[in-house]
Amino acid sequence: MADKKIKIRQIGSPIRRPKSQRAILTGLGLGKMHREVELVDTPEVRGMIRKLPHMVEVVEG
């Protein structure tokens, strides 16, 4: 079965952010501005995105 994918882009800097937010970015595979990653669309990934609406955006999915 083909798992549904979601592509996200980092739009906010991790500088001067709490460690927990930086850890979530790292968990998503991000860390530098304007990077994009494609991840499997799971409730866990969606929850991580909801925690950082000011730092990431969904490009497609």
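In the annotation of an unreviewed UniProt entry, the entry for the chain reads Large ribosomal subunit protein uL30, and the organism field reads Sphingopyxis italica. The heading Sequence similarities (unreviewed entry) in the UniProt record of the chain holds the text "Belongs to the universal ribosomal protein uL30 family." Of the chain, the UniProt comment under Subunit (unreviewed entry) reads exactly: "Part of the 50S ribosomal subunit."

A word on helix H1 (residues 19-28)
Turning to H1, its buried residues number three or more, namely Gln 21, Ile 24, Leu 25 and Leu 28. Projected down its long axis, H1 shows its buried positions confined to an angular sector of 100°, all on one face. In H1, the exposed positions that point more than 90 degrees away from the buried face belong to Lys 19, Thr 26 and Gly 27. Looking at the buried positions of H1, the neighbouring elements they touch are strand S1 (5-10), strand S2 (36-40), helix H2 (43-51) and strand S3 (56-60). Immediately downstream of H1, the backbone of Gly 29 shows phi near 90°, a positive value.

What to know about the sheet that holds S1
One open sheet accounts for 3 strands, arranged S2-S1-S3; its pairing is antiparallel. Because the sheet does not close on itself, it has two edges, and the strands there are S2 and S3. Sheet twist, expressed as the mean angle between neighbouring strand axes with direction ignored, is 35°. The pairing of S1 with S3 spans 4 bridges and is antiparallel. What sits directly across from Ile 8, in S3, is Val 58. Helix-sheet contacts for H2 involve S1, S2 and S3, and the interaxial angle to S1 is about 20°.

Conventions used here
- Counting restarts for each chain, with residues numbered from 1 along the sequence as it is written.
- Predicted model: local features are reported for residues with pLDDT of at least 70 only, side-chain atom pairs are reported and counted for 80 or more only, and whole-chain, interface and lining totals are derived from all residues.
- Only hydrogens and water are set aside when side-chain values are computed; all heavy atoms of the structure are taken into account.
- UniProt positions are given in the numbering used here, feature names are shortened, and annotations may be inferred rather than shown by experiment.
- Accessible area is worked out with a 1.4 Å probe on protein chains only. A residue is then buried under 20% of its type maximum, exposed over 50%, and partly exposed in between.
- Secondary structure elements follow DSSP: runs of H or I of four or more residues count as helices, runs of E of two or more count as strands, with numbering from the N terminus.
- What the arc measures is the spread of directions leading from the helix axis to the C-beta atoms.
- Whether two residues are in contact is decided by their heavy atoms: any pair within 4.5 Å suffices.
- Whether two strands pair depends on DSSP finding at least two bridges between them.
- Interaxial angle, 0 to 180 degrees, is taken between N-to-C directions of lines fitted to C-alpha atoms, where a helix line uses only the stretch in contact.

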